[in-house]
Amino acid sequence: MTEGAVADRQVEGRTVPVAGTWGVDPAHSSFEFIARHMLAKVRGRFTEFTAAVVIAEDPAKSSVEIELDVNSVTTRDDRRDAHLRSPDFFEVEKFPKISFRSLAVRPAEDENRWQLDGDLTILDVTRPVTWEVEFHGATQDPWGGQRAAFSAWTEVDREDWGLSWNAPLETGGFLLSKTARLEVDVELMKQ
């Protein structure tokens, strides 16, 4: 690593990325959701997104903003994807974006884990969520840039955002789970 290209630092015994503005590398990042369909788990993702991450000198003052293009949702099933874009779910024509804006960052028990509190907006409904975040490290890439990697996850009740479409099963219960797991894996590039 060349002098001046250090991508991480120590703050209160924790390794964190250097302070500054970081952008998401879309080729090495994903924004996914997992829900149960009857007995199986179905995984979907949003392939188009923007994100801005500011790592502050004091990591607890860092911020994250994410915007997902809902029209880019894919579950590898065209019919299901069309249904997700319809008024039964995301109503893409009226609500083309899902957004997240952080409000607080707190260290968790493990030294490479954090909790990220913020507002998640879907269908123009904003609700608080807390993400469990894991820092995987930071390094210089082969082209002299600085990279950092994180993963994050949370579970939400989709009905809290008005995503309540479902169908009863003859044997009892419903076609879709009320809860969904949201997972994010990002590789950041220092701007």
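The rules we used
Residues numbered from 1 in each chain as written. Predicted model: local features only at pLDDT ≥ 70, side-chain atom pairs only at ≥ 80, totals over all residues. Heavy atoms only, no water. Salt bridge = Lys/Arg side-chain N within 4 Å of Asp/Glu carboxyl O. Helix = DSSP H or I, 4+ residues; strand = E, 2+ residues; numbered from the N terminus. Buried < 20%, exposed > 50% of the residue type's maximum accessible area, 1.4 Å probe, protein only. Polar contact = N/O pair within 3.5 Å; in protein donor to acceptor, adjacent residues only side chain to side chain. Pairing = 2+ DSSP bridges.

Chemist: Any chance you could explain the pattern of salt bridges here in plain terms?
Modeler: Here the structure, examined in full by the defined rule, presents 13 salt bridges. Between E57 and R9 there is a salt bridge, with the nearest N and O atoms lying 3.7 Å from each other. Here E57, found in the loop between β6 (49–55) and β7 (63–69), pairs with R9, found in strand β1 (residues 8–11); they are 48 residues apart in sequence, far enough to count as distant. Using a relative accessible area of 60% as the deciding quantity, one classes E57 as exposed. Across the pair E183 and R181 runs a salt bridge whose closest N-O atoms are separated by 2.7 Å. Put simply, E32, R43, R45, R181 and E183 are held in one network by salt bridges that share partners.

Chemist: Teacher, can you tell me more about the side chain of S62 here?
Modeler: Position of S62 among the secondary structure elements: in the loop between β6 and β7. A polar side-chain atom of S62 sits 2.9 Å from the main-chain carbonyl oxygen of P59.

Chemist: Whenever I open this one, the pairing of strand β10 (residues 113–122) confuses me. Can you help?
Modeler: Counting buried residues along β10, 7 of its 10 residues qualify, which places the element largely inside the surrounding structure. Note that strand β9 (residues 97–107) and β10 share 8 bridges and pair antiparallel. Within β10, the position partnered with R101 by the bridge is D119. Where β9 folds back on β10, the antiparallel hairpin that results is connected by 5 residues. Relative to strand β11 (residues 125–140), β10 is paired through 10 bridges, and the arrangement is antiparallel. Bridge pairing in β11 links T121 to T126.

Chemist: Looking at this structure, I do not really get unusual backbone geometry. What am I missing?
Modeler: Among all residues save glycine, negative phi is the norm, and among peptide bonds the norm is trans. Despite not being glycine, E12 has its phi angle at roughly 50°, a positive value. Inspection of the secondary structure assignment puts E12 in the loop between β1 and β2 (14–17). You can call E12 exposed: its relative accessible area is 81%. Positive phi is not limited to glycine here, since L123 has a value of about 55°. Note on placement: L123 falls in the loop between β10 and β11.

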